[in-house]
Amino acid sequence: MTDLDLSRILLLDGAMGTELERRGVRSELPLWSAHALLEAPETLSAVHRAYVEAGAHALTACTFRTQRRTLARAGLGERAAELTALAVDLARQATREATREAAGPVLVFGSAAPLEDCWRPDLAPDEAALAAEHAEHAEHLAAAGVDALLVETQGSIREARAAVGAAAATGLPVIASFCCGPDARLLSGERLADALDAVMHFAPDAVAVNCLPPDPIAACLPVLSQAGIPFGVYANLGAPGPSPDSPREHACTAEEYASHARTWLEAGARLVGGCCGTEPAHVRALAAAIAP
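A few points on the structure. (Residues numbered from 1 in each chain as written. Predicted model: local features only at pLDDT ≥ 70, side-chain atom pairs only at ≥ 80, totals over all residues. Heavy atoms only, no water.)

Let us look at the overall build of the chain. What the chain contains, in helices and strands, is 11 helices and 8 strands. Taken against the 2.2 N^0.38 rule, which gives 19 Å for 292 residues, the C-alpha radius of gyration of the chain at 17 Å falls within 12% of a compact globule. When its C-alpha atoms are laid out on the principal axes, the chain stretches across 45 × 40 × 40 Å. Looking at the chain as a whole, 57% of its 292 residues qualify as buried. Long-range contacts, defined here as pairs at least 24 residues apart, represent 74% of the contacts in the chain between residues at least 6 apart. A total of about 11500 Å² of accessible surface is found on the chain, and carbon and sulfur atoms cover 51% of it. Distance from the positive charge centre (22 side chains) to the negative charge centre (37 side chains) of the chain: 1 Å. (Helix = DSSP H or I, 4+ residues; strand = E, 2+ residues; numbered from the N terminus. Rg over C-alpha atoms; globule rule 2.2 N^0.38 Å. Buried < 20%, exposed > 50% of the residue type's maximum accessible area, 1.4 Å probe, protein only. Contact = heavy atoms within 4.5 Å. Areas by Shrake-Rupley, 256 points an atom, 1.4 Å probe, with all protein chains shown as cover. Lys, Arg positive; Asp, Glu negative; His and termini not counted. Charge placed at Lys NZ, Arg CZ, Asp CG, Glu CD.)

Given below as structure tokens:
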């Protein structure tokens, strides 16, 4: 494990699921990006390498949909630990194989996503299931050797509390990231400020917002900055569409995305990256934006 050093700006990678789709890998529900672990590990590795070569300081392993609950829908529930470990191994291998100019290790984060549909926090199971299933996934990620747990795309306080608590129990660094709509409110309608307060009990190393378009981020920045710990942003370019060629509502060039990111950095963000729809080119532009 490598320490999570947030004294510098940490450049995250970009999207995995939509980038796999762009490269021809099927990503339909329920497995979405986890299909690549079974059918296209070479393409998955190539995406990871592309992000390292674009300048990313951290890769997020393809564990967004390797929880037992999701895998069980495809008859693969008993392979949760195995596929989580494979995802982490592929990311770690990419950090060794990629050609990279910058010195220093590339971290590997483990994604811990909502157990159900990210856009439907009302579908989250009861507290007992949330506690047990997030704990199992966090333990799988820790056993796989991640450097930190990225609890991401959280849309309700109830599930975020369970997921962040489970991640913190591993003893590894934790980043707690929320998905917001307008006015700095979670998809549940709860205030981002209240969500941050709810997870501070677990002492996360950083907080963030992700998978929201660039425009609503402005309302989140003062809330994040008031948390008193490092914060980050990784936006989407629009939700995944019905096909890889579907137009993205908030599509922008790599340079335009980097321009958005400069406002996040000016507000104090210590972590920046990309979510759905972003590509290695966007990460490369971010790298140029944060270069000394």
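An ideal rise of 1.5 Å per residue puts 26 Å on 18 residues; helix H5 (residues 80–97) measures up with 26 Å between its terminal C-alpha atoms. Looking only at H5, the buried set comprises Ala-80, Leu-83, Thr-84, Ala-87, Val-88, Leu-90, Ala-91, Ala-94 and Thr-95. With its buried residues spanning 150 degrees around the axis, H5 presents them on a single face. Those residues of H5 hidden inside the fold are in contact with helix H2 (35–39), helix H3 (41–54), strand E2 (58–61), helix H4 (68–72), strand E3 (107–112) and helix H6 (127–144). (Expected span 1.5 Å × (residues − 1). Arc of directions from axis to C-beta.)

Spatial strand order, E1-E8-E7-E6-E5-E4-E3-E2: 8 strands in an open sheet with parallel pairing. The open sheet is flanked by strand E1 (10–11) and E2, the only strands paired with a single partner. Pairing of strand E4 (residues 148–154) with strand E5 (residues 174–178), which is carried by 4 bridges, proceeds in the parallel orientation. By the bridge assignment for E5, Leu-149 is matched with Val-174. H5 rests against E2 and E3 of the sheet, and its axis sits at about 155 degrees to E2. Lying on the sheet, helix H8 (residues 192–199) is in contact with E5 and strand E6 (206–210); it crosses E5 at an angle near 155 degrees. (Pairing = 2+ DSSP bridges. Axes fitted to C-alpha atoms, helices over the stretch in contact; angles between N-to-C directions.)

Turning next to empty space enclosed by the protein. Evaluated as defined, the whole model comprises 2 cavities of 30 Å³ or more. The wall of the largest cavity is formed by Pro-114, Glu-116, Asp-117, Cys-118, Arg-120, Pro-121, Ala-124, Gln-154, Gly-155, Ser-156 and Glu-159. Residue composition of the lining of the largest cavity, grouped by class: 4 nonpolar, 3 polar and 4 charged. The calculated volume of the second largest cavity comes to roughly 40 Å³. In this structure, the second largest cavity is lined by Thr-66, Gln-67, Arg-68, Arg-69, Ala-80, Glu-133, Glu-136, His-137 and His-140. Elements with a contribution of two residues or more to the lining of the second largest cavity: H4 and H6. Partitioning the lining of the second largest cavity into residue classes produces 1 nonpolar, 4 polar and 4 charged. (1 Å grid on protein atoms, 1.4 Å probe; cavity = no way out; pocket = protein on both sides within 12 Å on 5 of 7 lines; lining within 4 Å. Points joined across faces, edges and corners; volume = space filled by probe spheres on them. Nonpolar A, V, L, I, M, F, W, Y, C, P; charged D, E, K, R; others polar.)

On to the side chain of Asp-147. Within the secondary structure, Asp-147 sits in the loop between H6 and E4. On the basis of relative accessible area, Asp-147 is assigned to the buried category, the value being 2%. Polar contacts involving the side chain of Asp-147 include one to the side chain of Arg-92, which spans 2.9 Å. (Polar contact = N/O pair within 3.5 Å; in protein donor to acceptor, adjacent residues only side chain to side chain.)

Another aspect to go through is the packing of aromatic side chains. According to the stated counting rule, one finds 2 aromatic pairs in the structure shown. Note on Trp-32 and Phe-64: the rings are 5.9 Å apart at their centroids and 70 degrees apart in plane angle, and the pair reads as edge-to-face. Residue Trp-32 is found in the loop between helix H1 (17–22) and H2, and its partner Phe-64 is found in the loop between E2 and H4; the two are separated by 32 residues along the sequence. Like Trp-32, the residue Phe-64 is buried in the burial classification. Plain terms: the ring middles of Tyr-257 and Trp-264 are 5.6 Å apart, the flat faces sit at 85 degrees to each other, and that makes the pair edge-to-face. Exposure remark for Trp-264: the relative accessible area of 2% places this residue in the buried category. (Phe/Tyr/Trp six-rings, centres within 6.5 Å; stacked < 30°, edge-to-face > 60°.)

A few words on the packing of helix H7 (residues 157–169) against H8. Two numbers describe a pair of packed helices, the interaxial angle and the distance between the axes. As a packed pair, H7 and H8 sit with axes 9 Å apart at the nearest point and diverge in direction by 30 degrees. What the angle tells us is that H7 and H8 run roughly parallel. For the pair H7 and H8, the sense of crossing is right-handed. Where H7 approaches H8, its residues Ile-157, Ala-160, Arg-161 and Val-164 are matched on the opposing element by Asp-194, Ala-195, Ala-198 and Val-199. Of the residues belonging to the contact of H7 with H8, the class tally is 6 nonpolar, no polar and 2 charged. (Parallel < 35°, antiparallel > 145°, perpendicular 65-115°, else oblique. Left-handed = near helix turned anticlockwise from the far one by under 90°.)

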